[in-house]
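Observations on chain architecture
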Amino acid sequence: MGMSIPNELGRIIDLTVEHNTWRRSSLNMIPSENVMSPLAEAVYMCDMMHRYAEGRPRRRLYQGLKYVDEVEELVMDLMSRLFRVKHVEPRPISGTIANAATFRALSQPGGKAVVAPVQAGAHVSHTKFGTLGALGIEHIEMPFDMENLNIDVDKARRVIEEVKPNFVVMGGSMYLFPHPLKEIAETAHSVGSLVIYDAAHVLGLIAGRRWRDPFEAGADVVTASTHKTFPGPQGGVILTNNETIYKSIARTIFPWFVSNHHLHRLPATAVTALEMIYFGESYADQIVRNAKAFAEALASEGFKVLGEHLGYTRSHQVVVDVRNNGGGAKAAQLLEEANIIVNKNLLPYDPPEAVKDPSGIRTGVQEMTRLGMKEDDFREVARLFRMVLIDRRDPGEVRKQVIELRSRFTRVHFTFDIDLSSVPSSYRIPFLSKI
Ligand SMILES: *Cc1c(COP(=O)(O)O)cnc(C)c1O
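Residues numbered from 1 in each chain as written. Predicted model: local features only at pLDDT ≥ 70, side-chain atom pairs only at ≥ 80, totals over all residues. Heavy atoms only, no water.

**Examining the site of the ligand**
In the vicinity of the ligand lie 13 residues, with Gly95, Thr96, Ser173, Asp198 and Lys228 positioned nearest. A distance of 3.3 Å separates an oxygen atom of the ligand from a polar atom in the side chain of serine 94. Histidine 201 is positioned such that a nitrogen or oxygen atom in its side chain is 3.4 Å from an oxygen atom of the ligand. Here the ligand has 380 Å² of accessible area as a free molecule, and 87% of this is covered by the chains. With three residues, helix α4 (residues 95–106) is the single largest residue contributor to the shell around the ligand. Looking at the shell around the ligand, its residues break down into one nonpolar, 10 polar and two charged. (Near = heavy atom within 4 Å. Polar contact = N/O pair within 3.5 Å; in protein donor to acceptor, adjacent residues only side chain to side chain. Areas by Shrake-Rupley, 256 points an atom, 1.4 Å probe, with all protein chains shown as cover. Helix = DSSP H or I, 4+ residues; strand = E, 2+ residues; numbered from the N terminus. Nonpolar A, V, L, I, M, F, W, Y, C, P; charged D, E, K, R; others polar.)

**As for unusual backbone geometry**
In this structure, the amide linkage connecting phenylalanine 254 to the following residue, proline 255, adopts the cis form with an omega of 15°. A positive phi is found at arginine 58, a non-glycine position, where the angle reads about 65°. In this structure, arginine 58 sits in the loop between β2 (55–56) and β3 (59–60). Positioned with a positive phi, lysine 164 is a non-glycine residue whose angle comes to about 45°. Looking at where lysine 164 falls in the secondary structure, it is placed in the loop between α6 (153–163) and β9 (167–170).

**Quick look at the sheet that holds strand β14 (residues 317–321)**
Hydrogen bonds between backbone groups are what pair the strands of a sheet, and the pairing can be parallel or antiparallel. Ordered in space as β13-β14-β17-β16, the four strands form an open sheet in which the pairing is antiparallel. In the strand order of this sheet, the two ends are held by β13 (304–305) and β16 (343–345), each with one partner. Bridge count for β13 against β14 is two bridges, and the pairing is antiparallel. Counterpart to valine 305 in the pairing with β14 is valine 320. Docked against the sheet, helix α10 (residues 265–300) engages β13, β14 and β17 (360–364), running at close to 20° with respect to β14. The sheet contacts of helix α11 (residues 327–337) involve β16 and β17, and relative to β17 the element is tilted by about 45°. (Pairing = 2+ DSSP bridges. Contact = heavy atoms within 4.5 Å. Axes fitted to C-alpha atoms, helices over the stretch in contact; angles between N-to-C directions.)

**Notes on the pattern of salt bridges**
Considering all chains together, one arrives at 22 salt bridges under this definition. In this structure, lysine 400 and glutamate 397 form a salt bridge, with 3.1 Å as the shortest nitrogen-oxygen distance. You can see lysine 400 and its partner glutamate 397 sitting in helix α14 (residues 395–406), three residues apart, about one turn around the helix. On the basis of relative accessible area, lysine 400 is assigned to the exposed category, the value being 54%. For glutamate 397, a relative accessible area of 42% translates into the label partly exposed. Residues participating in the shared-partner salt-bridge network are Arg210, Asp285, Arg289 and Glu375. (Salt bridge = Lys/Arg side-chain N within 4 Å of Asp/Glu carboxyl O. Buried < 20%, exposed > 50% of the residue type's maximum accessible area, 1.4 Å probe, protein only.)

**Things to note about the nonpolar core**
The tendency in soluble globular proteins is for nonpolar side chains to be buried as a group. Core analysis: the largest hydrophobic core is formed by 103 residues, its most contacted members being Leu27, Phe83, Tyr197, Phe294, Ile361 and Phe385. With 12 residues, the top contributor of residues to this core is α10. Residue contributions to this core reach at least three from each of two domains, namely domain 1 (41–273) and domain 2 (280–406). For phenylalanine 294, the residues in contact, after removing those within four places along its chain, are Met29, Val318, Thr363, Val365, Phe378, Val381, Ala382 and Phe385. Core analysis: the second largest hydrophobic core is formed by 19 residues, Ile97, Ala113, Leu132 and Ile245 among them. (Core = buried A, V, L, I, M, F, W, Y, C linked by side-chain atoms within 4.5 Å. Domains from an automatic or database assignment.)

As far as function goes, none of this settles anything; it's purely spatial.
Printed below as a string of structure tokens:
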């Protein structure tokens, strides 16, 4: 007795294939995104995605994990080598969960945290509206210095000395220039506060030694996502050299914040860590060069690029004030119509209520760098931005040029040269459309 195929099935497959086709013919420039290598994808698509593993390797509450245990230990070893750190906690399933577990391990509810201000790019999890608030930890912001687009060190020191918080959080989401970690960490330690550095955005740059090693600068704990400039599967990680902190974080992760930790992330994270050990420096180096070239090219096309007097950027991000180009919401929408995907973003001088139509757009070069773009290609991208936002050409027309440019960059670079043509992978999902 045959069963007919439900309409919804066709739609599910179509949506998946359409999404893939679209994002693979777009300039993906959201700074928190990236692509895994086909190799990492190949090991990601494995049976581990079906399994459970509560607890730590070799001390699990489930059976069937002898290979998972070894892969998880490999992730810890490789990350420990890459970031020159003693302890690695790979189980947080996202950067937010990594923060939650760390914040809770370092403070009881009713405790105090001094955090980077939102203008300096603080993530929602660092605020009373997000994770800190949910944990009942009071959040006190460090003052901002508009001139340097950064934390005001002198004023921040006074706040920390006065509040004597359980911990201080630095690191950001809109993040052009490094926060003054060393200076702030000195003050924090002098009053007995611990320092958490949230490297969600810049973990890949740290891996490639193009961003200051946060441990050298005084961080006690580093939290991060594993899918932004670090181009692995979506997930989180916590790093520390302090064994006592590590143990208390491990107890906080399970049973409080994670039960199963999505095991297919593990082999993919291990592959990505290995890629960063071998190719991380050339990858991060090209990202930093591309961001600079892109910012300069946008400025010479007539855009108001943030941070001109500071050299525009030292990270993977470039931020543009588009108040004269229709505002952040309109600009992001027009670019999307041209297959250029960016975020609208609050700028440091925007009021918080401008969140729906802020003055800026935030772009990142990391994904297109991973796909092989260099400085000249980003100059071309800057011209496409001008066509859409300054010349106000029809985005549908510009899209044709975007698709043409993008068609030259389809292969992931900075990975091992292995032929995967026979391996099923999400890169080959179009086969579904033939069903
Ligand atoms: C993205 C981000 C996070 C959260 O990471 P998720 O993996 O999305 O949960 C935390 N902190 C900062 C600074 C971020 O930019």
